[in-house]
Amino acid sequence: MKKIDQLMAELGFNKNAPDSVKEAFIKHLIKASTGVSVPTPSEKKEMAANPERIVQFKTPQQLSFDFVEEITPRPKTSKKAVS
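The sections below set out a description of the structure shown in this document. Bear in mind that the values here come from a model prediction, so they are computed numbers and not experimental data.

1. Considerations on the environment of K31
Logical step 1: Mapped onto the secondary structure, K31 falls in helix α2 (residues 19-34).
Logical step 2: Setting aside residues no more than four positions away along its own chain, K31 makes contact with V36 and S37.

2. A few points about the packing of aromatic side chains
We describe a pair of aromatic rings using the distance from one ring centre to the other and the angle between the two ring planes.
Logical step 1: Tallying each qualifying case throughout the model produces 1 aromatic pair.
Logical step 2: Between F13 and F25 the ring centres are 4.8 Å apart and the planes differ by 45°, which places this aromatic pair in the tilted class. With F13 in the loop between α1 (4-10) and α2 and F25 in helix α2, this residue pair connects regions lying 12 residues apart in the sequence.
Logical step 3: Taking relative accessible area as the criterion, F13 reaches 25% and is therefore assigned partly exposed.
Logical step 4: Taking the relative accessible area as the measure of exposure, F25 reaches 14% and is therefore buried.

Conventions adopted
- Residues numbered from 1 in each chain as written.
- Predicted model: local features only at pLDDT ≥ 70, side-chain atom pairs only at ≥ 80, totals over all residues.
- Heavy atoms only, no water.
- Helix = DSSP H or I, 4+ residues; strand = E, 2+ residues; numbered from the N terminus.
- Contact = heavy atoms within 4.5 Å.
- Phe/Tyr/Trp six-rings, centres within 6.5 Å; stacked < 30°, edge-to-face > 60°.
- Buried < 20%, exposed > 50% of the residue type's maximum accessible area, 1.4 Å probe, protein only.

Laid out in structure tokens, this is it:
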């Protein structure tokens, strides 16, 4: 099992690259391999600094629609075929 810094070196990442680029790459690797989206350290700091901006999602609700077929007579047209 390789460490993250080894993977990044093999892929040609610059060691002096911004931390946000490194975080985005690691986040992508985790999501691609496990299907789970995890917050990066900078995202955690942002959430801790601004808790009022965090949106709490309600539990999902199943929507239902009551489609009633209305039977209405179609108006009769007296158009004739043109020959």
